[in-house]
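Coordinate inspection notes
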Amino acid sequence: MPSSPPSSWVKRSLSSVWHPCTQMKQHEQVPPLCVVKGEGAWLTDDQGLVFMDCISSWWTNLFGHANPRINSAIKNQLDRIEHVMLAGLTHPPVIELSEKLSSLTGHQLGHAFYASDGASAVEIALKMSHHFWRIAGKTQKRRFVCLKGSYHGETLGALSVTDVPLFREAYGELLSKPYIVMSPDARQAKDGESAQDVALRAVKELEHLFHNEAHQISAFIIEPLVQCAGQMAMHSHLYLKRARALCDQYQVHLICDEIAVGCGRTGTFFASEQAGVWPDFLTLSKGISGGYLPLSLSLTTDTIYQAFYADTMAQGFLHSHSYTGNPLACTAANACLSIFEEDKVLLNNQSRSQQLNTAFAWAKEDTRIENFRQTGMILAFDLAHKVAKDHPFFARDMFQQCLNQKLLIRPIGHTVYVMPPYILEAEQMEFMGQGVAQALHQTLSSSKSSTAP
Ligand SMILES: *Cc1c(COP(=O)(O)O)cnc(C)c1O
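Everything in this summary refers to the structure shown in the same document. Everything numeric here is computed off the predicted structure, so don't read it as measured data. (Residues numbered from 1 in each chain as written. Predicted model: local features only at pLDDT ≥ 70, side-chain atom pairs only at ≥ 80, totals over all residues. Heavy atoms only, no water.)

1. Comments concerning the state of the cysteines
Any covalent bond linking the sulfur atoms of two cysteines counts as a disulfide. With the rule as written, the count across this model stands at zero disulfides. Cys 228 provides the cysteine sulfur closest to Cys 21, a residue in no disulfide bond, and the two sulfurs are 16 Å apart. Cysteine Cys 34 is unpaired, with the sulfur of Cys 54 as its nearest cysteine sulfur at 20 Å. (Disulfide = S-S within 2.5 Å.)

2. Concerning the environment of Thr 266
Within the secondary structure layout, Thr 266 lies in the loop between β10 (253-257) and β11 (281-284). Residue Thr 266 is classed as buried on the basis of its relative accessible area, which comes to 5%. Apart from the residues within four sequence positions on either side, Thr 266 is in contact with Leu 225, Val 226, Val 261, Ala 271, Gln 274, Thr 375 and Gly 376. (Helix = DSSP H or I, 4+ residues; strand = E, 2+ residues; numbered from the N terminus. Buried < 20%, exposed > 50% of the residue type's maximum accessible area, 1.4 Å probe, protein only. Contact = heavy atoms within 4.5 Å.)

3. Remarks on the sheet that holds strand β16 (residues 415-418)
Here three strands make up an open sheet; going across it, the order is β13-β14-β16 and the pairing antiparallel. Bordering the open sheet on either side are β13 (369-375) and β16, each of which pairs with just one other strand. Geometrically, the sheet is characterised by an average inter-axis angle of 15° between neighbouring strands, direction not taken into account. The strands touched by helix α16 (residues 426-446) within the sheet are β13, β14 (378-383) and β16, with β14 carrying the most contacts at an inclination of about 15°. (Pairing = 2+ DSSP bridges. Axes fitted to C-alpha atoms, helices over the stretch in contact; angles between N-to-C directions.)

4. Regarding the pattern of salt bridges
This model, assessed by the stated rule, comprises 13 salt bridges. For the salt bridge of Lys 148 with Asp 163, the shortest nitrogen-to-oxygen distance reads 4.0 Å. Within this pair, whereas Lys 148 is found in the loop between β5 (143-147) and α6 (156-160), its partner Asp 163 is found in the loop between α6 and α7 (165-171), the two being separated by 15 residues in sequence. Residue Asp 163 is classed as buried on the basis of its relative accessible area of 12%. In this structure, Arg 187 engages Asp 185 in a salt bridge whose closest nitrogen and oxygen atoms are separated by 2.9 Å. Residue class for Arg 187 comes out partly exposed when judged on its relative accessible area of 26%. The exposure class assigned to Asp 185 is buried, which follows from its relative accessible area of 10%. Each of Asp 185, Arg 187, Arg 373 and Asp 382 takes part in salt bridges that share partners, so that together they form one network. (Salt bridge = Lys/Arg side-chain N within 4 Å of Asp/Glu carboxyl O.)

5. Observations concerning a nonpolar patch on the surface
A cluster of nonpolar side chains, contributed by Leu 156, Tyr 171 and Leu 174, occupies part of the molecular surface with about 320 Å² of accessible area. Structurally, the position occupied by Leu 156 is in helix α6. When its relative accessible area of 45% is taken as the criterion, Leu 156 is described as partly exposed. (Patch = residues over 30% accessible without salt bridge, like charges linked within 9 Å, V, L, I, M, F, W, Y side chains within 5 Å. Areas by Shrake-Rupley, 256 points an atom, 1.4 Å probe, with all protein chains shown as cover.)

6. A word on the sheet that holds β10
In spatial order, the strands read β4-β12-β11-β10-β7-β5-β6; together these seven strands make up an open sheet with mixed pairing. Unpaired on one side and paired on the other, β4 (111-115) and β6 (179-181) mark the two borders of the sheet. Averaged over all adjacent pairs, the angle separating strand axes in this sheet is 20°, with direction ignored. Sheet topology places β5 next to β6; three bridges connect them, and they run parallel. In the strand pairing of β6, Val 145 is matched with Tyr 179. Helix α4 (residues 92-104) contacts β4, β11 and β12 (296-300) of the sheet and is inclined by roughly 130° relative to β4.

So, in structure tokens, the structure goes:
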């Protein structure tokens, strides 16, 4: 596939920057783009190419790039205090953020523990859960349960509860072994089965595991409603509802990893709300700072918090990161939460997700596509099985063809998805939908002849 020769910035990047989750050799074929500017949903590279960020920069950007309100909040904070450690000290931005998040959970999850990246928030939830049981004298409860196809981050603890075969193959020796249970992924419906039927089948398997092993299980971790990195696999909220009940019955903590699905992505602020339940731990990152600064956190209940409240240091929660609760990042998060309120974002996203659906209406009819699905502001579809086998380099070629349409899209295998910022007008949605249709057409008519990289 022809792409323009790399610019001097890109050449310099390739000799010094090792890009995340990338086979660097593939950049010989498809060099990275050097972004020099962003405004709203649009990015500009050093060659002047302008393209739409249809995936919110790895699902982080909620209100567009260079958002004037978030920019000005950060600039203001910058002149007060840029960073200060959070052990022994505190500051207004982290206090305000913690209070707002508590209130968004109806004060059910009233204690916020901070870190900088999503994987660390997951580590915190896993460690806290195990430590809680230790304090309770149940030291044998140290194993975790995750779903098939789960993704919870890539540090060793988070990777332990991540079921991506490629990662487990390379690093499996370093990881503790989780119990992996059936995903409620609605695509597994057999003839006549509904999404709820699949969820109930998955619940049965979870119950069976708890029945036999709960005495050594610390927590069950799940990404509610959509397993995002797991090819945007969507499931019925019934699963989470039943899982909560089973966790209560068998004394297993429930961790909802809302790093991708939180912050309004699925229609409610927290995805868990759709099942009408609260977990024991809820992790947030990505969208919480609007895609501005690294920030993550794990919310938890008063029950968990009180168990650690004691006279000895050993019974405290022993975990810290240098940039824990960074004031600038918390300020960005506070600015985002204000936008949610002032602009009635959740309400307006109802019509936005309808417009998104309309923009991709063509995909429902297309016989080269299967499993068209949508939850709130996430829309995805898979290349039909019979088509996929002829297009081994689909993800790479589709990425390139989308760029030709001025769209930033990164398919996961044979799954194409969009997860745009919450600022697109109906026209821009149409532009995206039509561009993806065009790119798909180009990819499927040309990539058969494309050779291995
Ligand atoms: C991205 C992601 C993580 C990891 O977050 P990082 O900031 O990349 O470490 C964990 N869980 C889910 C569901 C994610 O989407």
